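Structural features, examined
Residues per chain are reported as follows:
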Amino acid sequence: MDEERFGKCPFYTTQRLIQGKWAILIMHYLSDGPVRFNELQRKMPKMTHATLSNQLKQLETEKLISRKVYEDIPPKVEYSLTEIGKAFQPVLDSIRAFGREYISYMDTYSGK
């Protein structure tokens, strides 16, 4: 039943596209330009190699990011946002603004 909503309901569609725990953070890191796999992993040390790989594959399948392999030795792989992935930037900006507002609210609420 829910799959019938994909491509019809904008909220369901977007939620499904960014369903992975790390999807938004990965897209944030890619918003400044191409990033290599190891660099992404360094930015997210609590994420395992396998989890990062799976999340990148999912985002690539959804056409939000692209993967470019360079035939260097050792091989070099870079990830970047696609055009439709770049269209997500205003959402990332809104998430950042809300996050900052929420952090400030919680600091005030907790008496910090």
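The structure contained in this document is the topic of the report that follows. (Residues numbered from 1 in each chain as written. Predicted model: local features only at pLDDT ≥ 70, side-chain atom pairs only at ≥ 80, totals over all residues. Heavy atoms only, no water.)

Describing the overall build of the protein
Just so we agree on the cut-off: Secondary structure follows DSSP: runs of H or I at least 4 residues long count as helices, runs of E at least 2 residues long count as strands, and numbering of each begins at the N terminus. Only protein chains enter the accessibility calculation, which uses a 1.4 Å probe; a residue whose area is less than 20% of its type maximum is buried, one above 50% is exposed, and one in between is partly exposed. Residue contacts follow a heavy-atom distance rule, with two residues in contact if any of their heavy atoms lie within 4.5 Å.
Along the protein, the regular secondary structure elements total six helices and three strands. Taken from N to C terminus, the helices and strands of the protein fall in the order α-α-β-α-α-β-β-α-α. Across its three principal axes, the protein shows a C-alpha extent of roughly 55 × 40 × 25 Å. Counting over 112 residues, the protein shows a buried share of 30%. By sequence separation, contacts in the protein at least 24 residues apart represent 46% of the contacts at least 6 residues apart.

Points about the side chain of Q58
Relative to the elements of secondary structure, Q58 occurs in helix α4 (residues 49-61). Accessibility expressed as a relative area gives 17% for Q58, which makes it buried. Every residue in contact with Q58, bar those within four places of it in the chain, is listed here: R16, L17 and Q19.

Notes on α4
Put simply, the rule is: Multiplying 1.5 Å by the residue count of a helix minus one yields the expected span of that helix.
For α4, with 13 residues, the first-to-last C-alpha span of 18 Å sits near the 18 Å given by 1.5 Å per residue. Restricting attention to buried positions, one finds in α4 the residues L52, S53, Q55, L56, Q58 and L59. Check the buried side of α4 and you find it contacts α1 (10-17), α2 (23-30), α3 (37-43), β2 (65-70) and β3 (76-81). K63 occupies a position one or two residues after α4 and carries a positive phi of about 70°.

Brief notes about the pattern of salt bridges
We count it as follows: The rule for a salt bridge is simple: a side-chain nitrogen of Lys or Arg has to be within 4 Å of a carboxyl oxygen of Asp or Glu.
Throughout the structure, instances matching the rule amount to five salt bridges. Between K43 and E39 there is a salt bridge; the shortest N-O distance is 3.9 Å. With a gap of four residues between them, K43 and E39 both fall in helix α3, about one helical turn apart. For K43, a relative accessible area of 36% gives the class partly exposed. Look at E39 and you get partly exposed, because its relative accessible area is 31%. A salt bridge links R96 to D93, with the nearest nitrogen and oxygen atoms 3.2 Å apart. Here the residue R96 and the residue D93 both occupy positions in helix α6 (residues 89-109), the gap between them amounting to three residues, near one helical turn. Given a relative accessible area of 33%, R96 falls into the partly exposed group.

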